[in-house]
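Report on the structure
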Amino acid sequence: MSATSSSNYPLGGTQTELDRLLAQAAVYEPETNWLLDQIGVGPGWRAVDIGCGPIGILDLLSQRVGPRDSVIGLERESRFVAMAYAEIAKRNLDNVKIIEADALNTGLEKNAFDLVHERLVMVNISDREALLSEMLSLLRHNGTIVLSDIDNVSWLCQPPHPSWEILLNAFHTVFHAGGGNGFIGRRLPIMLHAAGVRNVQIKITVATPEVGDYRRTHLLSLIDSVREKVIAKGLLDEKQLRDHRDALSRHLNDPATVVIDKLFVQSWGQKGN
């Protein structure tokens, strides 16, 4: 990986992953709206959503800054850029512009934005300090930086099931080998403080999704996204993967099973000098 280019997205670009990203945006909408309220994002703001994927928070920003103001969605992966164009057209987000560029070398105007946001980008890349530096470089003085990522420390099911542990370990092995860090959430405020960000704040939420909630079977969706990598690394063969997936699916479909989701960590603050 070069100093100006982030590593490959570890979850790939299958239709399964595209669908998962759209569902993910809907799941996190309440927490994101709460945060944008706290920050006070409104008319006249210029905002960037780094690594927006198919939609990110572009729709929520678009509603707040008004029709004459600018929202930029920055995305490196061409397949996600194409989907983002389709989504903003479908939702009539006329004040949103999509730019295809790397998060570590955005090419955007420096010291020009009121809000720079990333969600679930830090978790997916290895050069996190470079990403943080680039985000801060885009902000005007007193502009707000937002880091929103997960921490898998809480992620479990009860009663325990062996297939959960096997699939979760396989996912972590593949994900971390690709440069990801499923436990980055706890480090977000530390990173902001170290970078000189002022008024650093943090909010952590965790869900206990019921049957039918997207998050309840999130591990299965992630395994589907990295299936070929799991097999290629010899962690599980096709039959083992299928058998464990089927067994866990049955366990998660039982209403008596409790799932505790990943921590969702939001940390934010203002750029100093």
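Residues numbered from 1 in each chain as written. Predicted model: local features only at pLDDT ≥ 70, side-chain atom pairs only at ≥ 80, totals over all residues. Heavy atoms only, no water.

A few words now on the sheet that holds strand S3 (residues 96-100). Strand order in this open sheet of seven strands is S3-S2-S1-S4-S5-S9-S7, and the pairing throughout is mixed. Of all the strands in the sheet, just S3 and strand S7 (198-205) have a single pairing partner and so form its edges. Taken over all neighbouring pairs, the strand axes of this sheet differ in orientation by 15° on average, direction set aside. Relative to strand S5 (residues 139-151), strand S4 (residues 113-119) runs parallel, the two being bridged by six bridges. Pairing of Phe113 across the sheet is with Leu139, part of S5. Each of S4, S5, S7 and strand S9 (263-270) is contacted by helix H2 (residues 29-39), which is oriented at about 15° to S9, the strand it contacts most. Each of strand S1 (47-50), S4 and S5 is contacted by helix H5 (residues 128-138), which is oriented at about 145° to S5, the strand it contacts most. (Pairing = 2+ DSSP bridges. Helix = DSSP H or I, 4+ residues; strand = E, 2+ residues; numbered from the N terminus. Axes fitted to C-alpha atoms, helices over the stretch in contact; angles between N-to-C directions. Contact = heavy atoms within 4.5 Å.)

Glancing now at the pattern of salt bridges. By the definition in use, this model includes 17 salt bridges. Residue Asp151 is joined to Arg186 by a salt bridge in which the shortest nitrogen-to-oxygen separation is 2.7 Å. With Asp151 in strand S5 and Arg186 in the loop between helix H6 (162-177) and helix H7 (188-194), this pair connects stretches of sequence that are 35 residues apart. A relative accessible area of 48% means that Arg186 is categorised as partly exposed. The partner of Asp243 in a salt bridge is Lys239, with the nearest N and O atoms 2.6 Å apart. In this pair, Asp243 and Lys239 are both assigned in helix H10 (residues 238-252), four residues apart and thus about one turn of the helix distant. (Salt bridge = Lys/Arg side-chain N within 4 Å of Asp/Glu carboxyl O. Buried < 20%, exposed > 50% of the residue type's maximum accessible area, 1.4 Å probe, protein only.)

Attention shifts here to the environment of Val65. Here Val65 shows up in helix H3 (residues 58-65). In this structure Val65 comes out as buried when scored by relative accessible area, which is 0%. Through-space distance from the C-alpha of Val65 to that of Gly42 is 4.9 Å; in sequence the pair is 23 residues apart. If we ignore the near neighbours within four places in the chain, the residues touching Val65 are Val41, Gly42, Pro43, Gly44, Trp45, Val71 and Asn95.

This brings us to unusual backbone geometry. Most peptide bonds take the trans form, and the phi angle of most residues other than glycine is negative. The peptide bond linking Gln158 to Pro159 adopts the cis configuration, its omega dihedral lying at 0°. Of note, Pro159 is situated in the loop between strand S6 (156-158) and H6. Non-glycine residue Asn199 carries a positive phi angle of around 55°. Structurally, Asn199 can be placed in strand S7. Owing to a relative accessible area of 48%, Asn199 belongs among the partly exposed residues under this scheme.

Everything listed here is a matter of coordinates, which is why it stays silent on function.
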